[in-house]
Amino acid sequence: MSETPRTQALAGQDQEAQAKPALAGETYDVVVVGGGAAGLSGALALSRARRSVLVVDGGDPRNAPAGHVHNYLGREGTPPAELYAIGRSEIESYGAAVAEGFVAGIAREDGGLFAVELTGGRLVRARRILAATGVTDVLPEVPGLREYWGTGVLHCPYCHGWEVRDQAIGVLSTELPTAVHQALMWRQWSADVVLFLNGTGEPDAGQAEQLAARGIRVVPGEVAGIEGTDRLTGVRLVDGSVEARDAVVVFTRLSARADYLAGLGVVPTEQFAGETSIGTALTVNPMGATDVPGIYAAGNLAAPMAQVIGAAAAGLMAGAAINGDLIMEDTALAVAARV
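Where an unreviewed UniProt entry is consulted, the protein chain appears under the name NAD(P)/FAD-dependent oxidoreductase, with the organism given as Arthrobacter gallicola. For the record of the protein chain, the UniProt heading Catalytic activity (unreviewed entry) holds the text "[thioredoxin]-dithiol + NADP(+) = [thioredoxin]-disulfide + NADPH + H(+)".

Okay, structure coming up:
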């Protein structure tokens with residue numbers, strides 16, 4: 001029986017190690033910060049390119065509260081933890097290493113390497129960095145939202161719409177134009193959609209006409225909290241009344257997880273969808289490179305609204321770009337050594 005590429009990779013690790021230049025201590029071609037879809041996809045491309053790779057993963061992906069990953073061709077309905085466990089196994093089969101924990105900070109050394117400090121005091125070095133730590137969803141300060149986040153409290157119809165199809169859905173307004181847009185979107189999945197104005201103003205004539213035409217009821221008054229015991233059952237208003245709902249949709253601000261890059265001058269910037277601020281992210285070029293040489297970013301950290309499959313694609317793109325960058329550096333070093 002002929003060997004598969006992965007079997008050949010495992011069987012040939014000794015030859016590969018001999019083919020690579022010796023690494024001084026814990027020095028890697030690439031340290032990938034974040035073990036979600038983007039980070040693991042980048043690590044897979046890089047390890048298959050025979051690069052030494054360390055993935056540092058804190059085990060707290062943005063989609064951890066969600067039960068399943070959706071719209072990921074070939075992996076539809078896979079629990080996030082299962083998807084990432086499969087990814088870890090794949091990258092480790094090609095020689096990549098995984099470290100549990102977080103990155104406390106990164107500094108550039110005089111020789112050009114990046115010194116990466118891990119929580120717990122471990123220090124490793126890298127020629128390149130792939131940042132893939134994603135974003136944090138910042139929820140409005142309404143009691144009950146956090147408790148049901150990812151189960152009964154939702155944000156993305158493409159991630160959760162099918163699962164709550166034909167159910168009673170409430171849209172909690174935090175910014176009226178965005179909430180009207182959300183209500184019209186979620187109407188695609190259910191005929192029972194209610195928009196809670198929550199003190200954010202009144203729909204103008206055009207918005208009111210759109211909502212009425214789609215049969216979306218508008219509820220005035222501020223929201224006091226989300227009701228439910230084992231599952232979400234309703235929305236409680238400040239006047240004490242409760243509107244029965246099976247799910248609540250809310251707009252969240254997205255905050256980039258990038259503090260560990262601040263010392264390198266890589267700072268998140270405000271992101272917009274039209275005129276609406278959606279949060280912060282890193283600015284990268286189409287290949288994932290930031291303005292700081294050697295630092296790349298992929299996934300929600302660079303594209304906050306990307307779904308899992310899009311994050312994975314961006315990680316692959318960044319991984320390929322990093323390998324190309326390192327190839328040119330290796331070539332320049334080889335040319336210099338001939339002089």
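Moving on, there is more to tell.
A. Expanded view of the side chain of arginine 128. Mapped onto the secondary structure, arginine 128 falls in strand S6 (residues 123-131). A distance of 2.9 Å separates polar atoms of two side chains, one belonging to arginine 128 and the other to glutamate 329. Filtering out sequence-adjacent residues up to four positions away, arginine 128 remains in contact with Asp29, Val30, Val31, Phe114, Gly294, Tyr296, Ile322, Asp325, Leu326 and Glu329.

B. Region of interest: helix H3 (residues 37-48). Under the 1.5 Å per step criterion, the end-to-end length of H3 is 16 Å for 12 residues, consistent within 8% with the ideal 16 Å. Residues of H3 that are buried include every one of Ala37, Ala38, Gly39, Leu40, Ser41, Gly42, Ala43, Leu46 and Ser47, and no others. Of the surrounding secondary structure, the elements contacted by the buried residues of H3 are strand S1 (27-33), strand S2 (53-57), helix H4 (80-93), S6 and helix H8 (308-337). One or two residues past the end of H3 sits arginine 50, with phi positive at roughly 70°.

C. Representation of the pairing of strand S5 (residues 114-118). For S5, a buried count of 4 out of 5 residues is recorded, marking the element as mostly surrounded by other parts of the structure. Both strand S4 (residues 103-108) and S5 contribute to a ladder of 5 bridges, which runs antiparallel. Its bridge partner lying in S5, arginine 108 is registered against phenylalanine 114. Between S4 and S5, which pair antiparallel in sequence order, lie 5 residues; one of them, glycine 112, sits at a positive phi of approximately 100°. Between the antiparallel neighbours S5 and S6 lie 4 residues, among them glycine 120 with a positive phi of about 100°.

D. Representation of the environment of arginine 48 within the structure. Within the secondary structure layout, arginine 48 lies in helix H3. With 253 residues separating them in the primary sequence, arginine 48 and leucine 301 have C-alpha atoms 24 Å apart. Separated by 3.0 Å, the side chains of arginine 48 and tyrosine 94 make a polar contact.

E. Highlighting the side chain of serine 47. In this fold, serine 47 is placed in helix H3. For serine 47, a relative accessible area of 4% puts it in the buried group. Residues in contact with serine 47, not counting those within four places in the same chain, are Val53, Ile91, Tyr94 and Ala96.

F. Region of interest: the packing of H3 against H4. At a closest axis distance of 9 Å, the pairing of H3 and H4 adopts a crossing angle of 15°. One element, H3, and the other, H4, form an angle in the roughly parallel class. Every pair of crossing elements has a handedness; the one defined by H3 and H4 is left-handed. Of H4, the residues touching H3 (which contributes Ala37, Leu40, Ala43, Leu44 and Ser47) are Tyr84, Gly87, Arg88, Glu90 and Ile91. By residue class, the composition of the contact of H3 with H4 is 6 nonpolar, 2 polar and 2 charged.

G. Representation of the packing of aromatic side chains. Applying the stated criterion across every chain yields a total of 2 aromatic pairs. Relative to tryptophan 189, the ring of tryptophan 186 lies with its centre 6.4 Å away and its plane at 50°, an arrangement referred to as tilted. Per residue, the accessibility class of tryptophan 186 equals that of tryptophan 189, and both read buried. Taken together, Tyr158, Trp186 and Trp189 form an aromatic cluster joined through their ring pairs.

H. Here's a closer look at the pattern of salt bridges. Evaluation of the coordinates by the stated rule reveals 17 salt bridges. Among the salt bridges present, the one from arginine 88 reaches aspartate 57, with a minimum N-O distance of 2.7 Å. A residue pair is termed long-range when its members are at least 10 positions apart, and arginine 88 in helix H4 and aspartate 57 in strand S2 qualify at 31 residues. Put simply, glutamate 270 and arginine 253 hold a salt bridge, and the shortest N to O gap is 3.0 Å. With glutamate 270 in strand S17 (residues 269-273) and arginine 253 in strand S16 (residues 253-256), the pair connects residues that are 17 residues apart, well separated along the chain.

I. Representation of unusual backbone geometry. Unusually for a residue other than glycine, arginine 50 sits at a positive phi of about 70°. With respect to the helices and strands, the residue arginine 50 is situated in the loop between H3 and S2. Unusually for a residue other than glycine, asparagine 198 sits at a positive phi of about 55°. Here asparagine 198 lies in the loop between strand S10 (193-196) and helix H7 (205-213).

J. Quick peek at H4. End to end, H4 covers 20 Å across 14 residues, agreeing with the expected 20 Å (1.5 Å per residue, within 8%). Within H4, burial applies to Pro80, Leu83, Tyr84, Gly87, Ile91 and Ser93. Within two residues after H4, glycine 95 carries a phi angle of roughly 100°, on the positive side.

K. Focus on the environment of arginine 187. With respect to the helices and strands, arginine 187 occurs in the loop between helix H6 (176-186) and S10. The spatial distance from the C-alpha of arginine 187 to the C-alpha of valine 124 is 50 Å, given a sequence separation of 63 residues. Discounting chain neighbours no more than four positions away, the residues touching arginine 187 are Val193, Arg214 and Ile216.

So, how was this worked out
Residues numbered from 1 in each chain as written. Predicted model: local features only at pLDDT ≥ 70, side-chain atom pairs only at ≥ 80, totals over all residues. Heavy atoms only, no water. UniProt positions renumbered as here; feature names shortened; annotations may be inferred. Helix = DSSP H or I, 4+ residues; strand = E, 2+ residues; numbered from the N terminus. Polar contact = N/O pair within 3.5 Å; in protein donor to acceptor, adjacent residues only side chain to side chain. Contact = heavy atoms within 4.5 Å. Expected span 1.5 Å × (residues − 1). Buried < 20%, exposed > 50% of the residue type's maximum accessible area, 1.4 Å probe, protein only. Pairing = 2+ DSSP bridges. Axes fitted to C-alpha atoms, helices over the stretch in contact; angles between N-to-C directions. Parallel < 35°, antiparallel > 145°, perpendicular 65-115°, else oblique. Left-handed = near helix turned anticlockwise from the far one by under 90°. Nonpolar A, V, L, I, M, F, W, Y, C, P; charged D, E, K, R; others polar. Phe/Tyr/Trp six-rings, centres within 6.5 Å; stacked < 30°, edge-to-face > 60°. Salt bridge = Lys/Arg side-chain N within 4 Å of Asp/Glu carboxyl O.

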